[in-house]
Structures are given as structure tokens and as C-alpha cells.
Amino acid sequence: MMQSEHWKEQAFYIPSLLLTTLSLCLSLCVSVSLCVSLSVSLSLSLRYGLFEKRLFLLEEAEGGFDQFTRSYRTFGVNRMADNRLVLREWAPAAEALFLTGDFNGWDNFSHPYEKKEFGKWELCLPPKHDNSPAIEHNTKLKVVVHTKKGERLYRISPWAKYAIQSEKQVIYDWVHWDPPQPYLHIHPRPKKPQSLRIYESHVGIASPDPKVASYTNFTTNVLPRIKDLGYNCIQLMAVMEHAYYASFGYQVTSFFAASSRYGTPEELKQLIDTAHSLDIVVLLDVVHSHASQNTEDGLNSFDGSDSCFFHSPPRGEHALWGSRLFNYSSWEVLRFLLSNLRWWMEEYRFDGFRFDGVTSMMYHHHGIGSMFSGDYSEYFGLQVDEDSLVYLMTANHVLHTLYPDCITIAEDVSGMPAVCRSVAEGGLGFDYRLAMAIPDKWIQILKELADEAWDMGNIVYTLTNRRYGENCIAYAESHDQSLVGDKSLAFWLMDKEMYTNMSSLIPMTPVIDRGIQLHKMIRLLTHALGGEEGYLNFMGNEFGHPEWLDFPRKGNNESYHYARRQYNLLDTDHLRYRQLYDFDRDMNRTEDKYGWLAAPPAFVSAKHEGDKVIVFERGNVLFLLNFHPTRSQTNYRVAVASPGKYTIKLDSDEVQYGGHGRLDHNTEFFTEPQENSMLVRNTSIMTLSYLVCVILKTV
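The rules behind these values
Residues numbered from 1 in each chain as written. Predicted model: local features only at pLDDT ≥ 70, side-chain atom pairs only at ≥ 80, totals over all residues. Heavy atoms only, no water. Phe/Tyr/Trp six-rings, centres within 6.5 Å; stacked < 30°, edge-to-face > 60°. Buried < 20%, exposed > 50% of the residue type's maximum accessible area, 1.4 Å probe, protein only. Lys NZ or Arg CZ within 6 Å of the ring centre and 35° of its normal. pLDDT = per-residue confidence, 0-100. Contact = heavy atoms within 4.5 Å. 1 Å grid on protein atoms, 1.4 Å probe; cavity = no way out; pocket = protein on both sides within 12 Å on 5 of 7 lines; lining within 4 Å. Points joined across faces, edges and corners; volume = space filled by probe spheres on them. Helix = DSSP H or I, 4+ residues; strand = E, 2+ residues; numbered from the N terminus. Nonpolar A, V, L, I, M, F, W, Y, C, P; charged D, E, K, R; others polar. Pairing = 2+ DSSP bridges. Patch = residues over 30% accessible without salt bridge, like charges linked within 9 Å, V, L, I, M, F, W, Y side chains within 5 Å. Areas by Shrake-Rupley, 256 points an atom, 1.4 Å probe, with all protein chains shown as cover. Salt bridge = Lys/Arg side-chain N within 4 Å of Asp/Glu carboxyl O. Axes fitted to C-alpha atoms, helices over the stretch in contact; angles between N-to-C directions. Parallel < 35°, antiparallel > 145°, perpendicular 65-115°, else oblique. Left-handed = near helix turned anticlockwise from the far one by under 90°.

(A) Geometry of the packing of aromatic side chains. Evaluated as defined, the whole model comprises 42 aromatic pairs. An angle of 80° between the planes, with centres 6.3 Å apart, marks the rings of Tyr-376 and Tyr-379 as edge-to-face. On the basis of relative accessibility, which here comes to 35%, the residue Tyr-376 falls in the partly exposed class. In this structure, Lys-269 is placed above the aromatic ring of Tyr-348, and the distance from its NZ or CZ to the ring centre is 5.5 Å. Here the basic side chain of Lys-487 rests over the ring of Trp-492, its NZ or CZ set 4.7 Å away from the ring centre.

(B) Broad picture of the confidence of the model for the chain. Across the chain, the average pLDDT comes to 91, with 93% of residues at 70 or higher. Below pLDDT 50 for its whole length, residues 1-30 participates in one contact with residues either more than four positions away or in separate chains.

(C) How the structure looks around the layout of surface pockets. Counted as a void, the largest pocket has a volume near 1100 Å³. In terms of lining, the largest pocket is formed by 47 residues, of which the most central are Trp-321, Glu-411, Met-436, His-479 and Asp-480. Contributions of two or more residues to the lining of the largest pocket are made by helix H6 (358-362), helix H8 (437-448) and helix H10 (479-482). Top element by residues in the lining of the largest pocket is H8. It accounts for six residues. Here the lining of the largest pocket is built from residues that sort into 19 nonpolar, 18 polar and ten charged. Quantified by volume, the second largest pocket comes out at close to 660 Å³. Along the wall of the second largest pocket there are 23 residues; nearest its centre are Val-413, Gly-415, Ala-437, Asn-465 and Arg-466. For the lining of the second largest pocket, the secondary structure elements donating two or more residues are strand S19 (432-434), H8 and helix H9 (456-464).

(D) Quick look at the pairing of strand S24 (residues 621-626). Within S24, six of the six residues are buried, which leaves it mostly tucked inside the rest of the structure. Burial of the side chains of S24 extends over both faces: Val-621, Phe-623 and Leu-625 are buried on one face and Leu-622, Leu-624 and Asn-626 on the other. The pairing of strand S23 (residues 613-618) with S24 spans six bridges and is antiparallel. From the neighbouring strand, Ile-614 faces S24, where its bridge partner is Leu-625. The loop that links S23 with its antiparallel partner S24 comprises two residues; one of these, Gly-619, has a positive phi angle of about 60°. Here S24 runs beside strand S30 (residues 692-698); their pairing, made up of five bridges, is antiparallel. When the sheet's bridge partners are listed, Asn-626 is paired in S30 with Val-692.

(E) Quick look at a nonpolar patch on the surface. Judged by side-chain polarity, Leu-320, Trp-321 and Ile-368 come together as a nonpolar surface patch covering roughly 300 Å² of accessible area. The residue Trp-321 is located in the loop between strand S15 (317-318) and strand S16 (323-324) in this model. Overall, Trp-321 belongs to the partly exposed group, its relative accessible area being 35%.

(F) Representation of empty space enclosed by the protein in the model. In this structure the tally under the stated criterion is five cavities of 30 Å³ or more. Empty space within the largest cavity amounts to approximately 40 Å³. Around the largest cavity sit Glu-200, Arg-354, Glu-411, Leu-434, Met-436, Tyr-475, Ser-478, His-479, Asp-480 and Leu-536, which together line it.

(G) Structural context of the packing of H9 against helix H12 (residues 510-530). Running from amino to carboxyl end, H9 crosses H12 at an angle of 50°, the nearest separation of the two axes being 9 Å. Between H9 and H12, the angle falls in the class oblique. Crossing hand, H9 versus H12: right-handed. Along its contact with H9, which presents Ile-459, Val-460, Leu-463 and Thr-464, the element H12 presents Leu-525, Thr-526, Leu-529 and Gly-530. Of the residues belonging to the contact of H9 with H12, the class tally is five nonpolar, three polar and no charged.

The structure is reproduced here in C-alpha cells:
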């Protein structure tokens, strides 16, 4: 009896101890969660407070951000109504400044700047006797900087609007650009698209010829192709002047100058105006995350100091990129960068920006050696550069206030929360972020897995794993995957057989057959499931451009062979590149008709590992993809939300797309109700051939 009572007592005691422990653990979890929430809330509040303070100071000191961001009208060289030229620079560490150039026979001392407050220097040049400006259009200039150490330095104005590289010269020259008849834009900006279909482009490689292509070539030969393909947005890379062509435009030397290697500023304006006439918006790939370390033709050491626009080393240097890092807390740096954005919007009428290197900007460690697991402690703390975040908030606030349809995209690999939430919510204010995990996943699959080992669930997870309420630009590959050292999707899939077996006059080899079918499926799945209001393609990849991308450099004997896009392959009718082009075109046109990119996230009804089938609905459209390498699915039953009759709207197996024509497009698919314990849904039965993707729509 006593033993029995004892066991009762123990039996009661042990669960109580367990309950107490669980309660303690639960309280601890709640406390930890609450602490994290409080930390995040405090960080967002602090960040927003710093942003508000920045706006207040702009209003107090500059009369608001409108005039402040038009400082390109007062800095650099500006012609007044009476043809006087007013020149202004910021060089706080300089001892003296002079202007020299063609206009004064390169006299280094005849035209001194007058020192003003806060490190500014000013020079006024009256017009000539005939009332023409003292400095003629298209003539060369230099700022002569005398340092406190007694050095004499020759510099390009940070606000220079044009710079050229003379023949057999390495250093770029500053050229005064003030044409008597500037290009006048004719066409208004298009409305911001609901579904953004981006054609990522580089003007210099936009030709099959082994040379640097021009703005005019792009306008004449590439814009019509982009329009035909159904893209409604162009993202222009490497426009901001960069002395080193092989940097892909990411080592900027002159921030206000459109690259002269492709032509004149007026020709770039014509390109953008022509794009607008085609109802295509144009984004600039803007680089405000760092700058070239060049001194004679860059921003670095403009006034002779190791800082000026940048932090002093080591904070002001990027260890991996070999470039200089801006001091975003500096008033004059803020003036320079915000005015730079305004310049491209006003002078060239760009429609927005893709901000490069945002991850590097947001963290003191610049993302170097950081894996970013998703833990919130990685995004809030001392490792975060609050000055940079406040700059990005200010930039987005200014752009969206002045240009409500302006589009801004963040290149961020870290997954920082609220990047695409409004500034009022404590976010950074971007419209979109790049879904950078998606192309990495596709490359990993193609490199490491046999077709039978593809994990449907993992693919769906990667494509749909994004922060709620933050728009993502999905892409299967961008310029990063095309660079030398990596391969495009087409090259991973078909490799050397692309050189010999892409003719439709001979039977498809197994490698080409598999490659063409998977190329279409990967792109459609990414397009429809991976993006939230946006999709991106790098020029040429839509038709499976062969080979890789490599700019002329010493390592390849300065060759242009790989620094081009072979659009001529499309003009040879018997090559299968045209089939991939046609599929990409019709995929975009189908999206334009049904608008799945702008629709709520997809409902995935099947991700069957054995059958290698993915089925989902989005935008009232049904997507079916059979990734099985050898087996067609006969009489395959799938669930659909809407009852009725379904017909095929896009079929990757059509012969015109390089398919085998195995599906009958006259077939109509009817739903029938099916019950189970969880829900009642309508189903439809169809035959789904292997390596085929199909889009169906109710009639």
C-alpha cells in the first residue's frame, strides 16, 4: 500500500516537473523571441529616426531635397543664360585649385578658383567678345589641384559630363559637353508595368562583330528584338563611365558621364527615347556601392587626400574589389550621389535604377565571409552600416516622391528584411529585390545532379522562398552566370554539341534534345513560380547563346571574340537557336495576356518526386511540368480550382519550339469533382509527355 502510494506520488511529481520545465522553456523562448522583436523594432525605429533627421537637415540647410538633388546645375561646369560659365568643386583638403585646358592653351595658373566655405571652390568665366562661352563644346579640360604637401595633381571634375580615351592613351580625358543643339526627347515615359519583364543589356557587346558596339547599333538592331520578344523593361549595364572595359562597368570613374566608348550622350538619349516610343521602360545599373581607385581619371584622391568622397583606409577600401567606399555620412557625398540619381532621371530620362552591390553597402563586413543563415541577429546590430541604410532610404524617398513611377531594384544576396518595404514602415523603400538564390540553385542542379535525382520539392521551395510582401525579380541566369569561369544554362546543358549539332536539318542528338527541352522548362518555371511582379533575362540567353562572356584583357590577348552577342544565329533559319527564341517570345506574350507575374503567389498542388511533376496555379492559369527524363504521364489527374473546360495556351513540346509535337491542341480537358477528407476540388485528366511544360486556361 505504501509502495503504491509512493508510485502515485512519483507519477504525479514527474509530470509536474516536466510541466514546470516545459513552461520554463516556453517562457524562455517567448522571452528570446520578445527580445529579438524588441531589438528589431528598436533598430527600425532608430533607423527611421536617423532618416527623419536627415530630411529635417536637408530642409533646414538646403531648403529641401528638390534643389539639393539638382546640384549638377551648380557644380562642375554650368553655362548661365548670359553665357557666363560658373565652375564649382568640392575639394576640402586642397591648397589651391586652377582650371586648365584647350581654352587657355593649357596654362596651369591663369585661371584660379576662389576658395569658399566648407571646402568649396568657385570660378566664373565671362563670355568671349562674340558672346560665346569661354570654353567651347567638345574641348578638353583639367582641374589642377595643389595639395598642402606641395604636389600638383591633374584631375577630372567629379561632375564631368563626358570623358574620352584618346587613341593609344590609358588615362581618360575630361571633355566639356555642351552641344549647341542637344537632343530633345519626344516621347513621354511609359507607365510603370504591372508585370516587369526585364531584358538585362550591355550596349558594348550587343553585336555579333568582335568590337565595341554603339548606342546607335543598340537603337537600330537590338531594340526591335526586345520589343518582339515581349520584354517591357531594359536594364542597361556599364553606362556610367568606367576606364576599365573588362570591369563590366562596375569600376566607375566618372559618375555623371555616359560611357563614350559607345558613342555620345545624345545618342544614348535617342536610345532611351526610342525605347519609350516602343512602350519600354529603361533602368540604369547604378553603382553607388563603391568607385574605381583610379586617381587621374576617377574620384579617388581628388583633393590629394585619402578620403574626400570616401572613408579613409582601411574602412574606405574594399578588400576584394580593390575599390574605394563612399562616406555616406558626409553632406557633400550625399549631395553628389543624390544629384547623380537625379541627373540620370532628368537629363537622360531613365525610368529607374538597379542598385548594384547593396549587400556590400549595408554591412561593415560587406558580406565578405558571411553565409547569411537568415537569423535576425545578422541583419540588426553593430555590423550594419546605418549611414548606408539611411542613404538608401533617402535615395528611394527622393526618387519615389519626385517620380512616383520610378522603379528601384536592390541587388542584395543577404536577405535583409524590409528592403522592399516602404520607408514609412522602416524599410529601405525599394520596389523589388533580385531573387539571387534561384540561378545558384539551377547551376547547382545542373552541375551536381543526374536528371533522376532532381528534387521537385527543393526546386519549388527555392523558387517560392521569399519574404512575404516584398516583390522579387526572378531569373534563371543573369550576366553573372555568363561570365568566363562559369557557363550559361544552355552551355551547361549542351556544351560542345552547340558547335556542331544545333541544325534542324539533322536529327537532334540526345544531348541537344534534353538541353533544348530543359532550357525552356527551367525558364518557364522560374518565370511563373519564382517571381513576384518581375522576371529578368540577360541578353542572348533567351535563345541559348553559346559560349561564355569575356571582355578583352591581357589574359585573352585583348580579344573581343567572347565580348559579343551572336544575334546573327537567329537569322539562320535552320539553327535551333530560333526555336528557343520563339518560345521565350511566346512565354512573355502569354504572361502579358494573363498577368501571372502580378498575380498573388502560386498555389502548388503537386510536386511529385516519383513522377517528377510540378503542378501549380497562378493568375487563373494552370501550369504543368513533367521533368521526368524518360516517362510520359498518361491520363494524369491534376487538381484545379475552377471547374469547366481547359485548353492548351502554351506548349513547350510544339515543333516550332524544338519539341516533338506530342500533344494534340484540339483536345479539351474537362473537370470532374473528386472528394477526400480534406477538401473538394475539381480535377482534370491529361497526357503529359516527358520533358514538357504546358500552360492551360479555362475557356
